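# Summary of structural features
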Amino acid sequence: DVDSLIDHLAPALIPKTFGALVRARTGGNPLFVTALLDQLDESGEADPARIDQLDLPETVLAVIERRVANLDPAAREVLEVAAVVGLEFETGLVAKATGLASSRFADVLDEIDDAGIAHPGDGGTYVFAHALVRDALYHSLGPARRASVHNQIATLLEHGHADGHSGHIGRPSQ
């Protein structure tokens, strides 16, 4: 459990204050929790606001990259677009942005789910398994690609092309 890891690895931190923040950032994954706590411990600060500002540790990036590298290239593209949308993303919007046929897109979503990278949410959404996974994918995009996807998503939203309606499409990482 996250609070136990915090007590063991960073006793100076207060579990009641940090447990929920660390759990939200890492999805409770012990490797991710440990890597995040190591960074907080090295900085000598226990500022809750810093949790979202920490760089992703190389060990975490390597684990995520290996998991994503084994996926079909179309799955990687879907994940990159989804990472720009947010921690939770509407599948209709991402499908339109990638241009994949609906049957192919469904196969890709199944592959992503089977790999444990993102899972079905409510009402036609998917949710990244961990905020760190979303962050790693987002930061793996070059600046030009990231800007291009942002513009593409904005255009789709502006014209109400997310499953035929406008509205709340994604939730940014926390």
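For the structure given in this document, a descriptive report is provided here. (Residues numbered from 1 in each chain as written. Predicted model: local features only at pLDDT ≥ 70, side-chain atom pairs only at ≥ 80, totals over all residues. Heavy atoms only, no water.)

## Section: the packing of aromatic side chains
Our working rule: Classification of ring pairs rests on two measures: the distance between centres of Phe, Tyr or Trp rings, Trp counted by its six-membered ring, which must be within 6.5 Å, and the angle between planes, read as stacked under 30 degrees, edge-to-face over 60 and tilted in between. By definition, any uninterrupted DSSP run of H or I lasting at least four residues is a helix, any uninterrupted run of E lasting at least two residues is a strand, and each is numbered from the N terminus. Between buried and exposed lies partly exposed: a residue is buried under 20% and exposed over 50% of the maximum accessible area for its type, with that area taken using a 1.4 Å probe on protein chains only. Any Lys NZ or Arg CZ found within 6 Å of a ring centre and within 35 degrees of that ring's normal is scored as a charge over the ring.
In total, this model carries two aromatic pairs according to the counting rule given. Measuring from ring centre to ring centre gives 5.4 Å for Phe-89 and Phe-128, while their planes differ by 55°; the resulting arrangement is tilted. Here Phe-89, found in strand S1 (residues 88-90), pairs with Phe-128, found in strand S3 (residues 125-128); they are 39 residues apart in sequence, far enough to count as distant. Take Phe-89 and Phe-128: they sit in the same class, and that class is buried. Members of the aromatic cluster, each reached through a chain of ring pairs, are Phe-89, Tyr-126 and Phe-128. In this arrangement the basic side chain of Arg-134 is found over the ring face of Tyr-138, its NZ or CZ atom lying 4.7 Å from the centre. Its end group placed over the ring of Tyr-138, Arg-146 keeps NZ or CZ at 4.8 Å from the ring centre.

## Describing the pattern of salt bridges
Heads up, the condition is: One side-chain nitrogen of Lys or Arg within 4 Å of one carboxyl oxygen of Asp or Glu is enough to make a salt bridge.
Using the criterion set out here, one finds five salt bridges in the structure. Between Arg-145 and Glu-80 there is a salt bridge; the shortest N-O distance is 3.5 Å. Linking Arg-145 in helix H9 (residues 143-158) with Glu-80 in helix H5 (residues 73-85), this pair joins segments that are 65 residues apart in sequence. Assessed through its relative accessible area of 13%, Glu-80 is described here as buried. Between Arg-134 and Asp-135 there is a salt bridge, and its shortest N-O distance comes to 3.2 Å. In this pair, the class of Arg-134 matches that of Asp-135, namely buried. Residues joined by salt bridges that share partners form a network here, namely Glu-65, Arg-76, Glu-80 and Arg-145.

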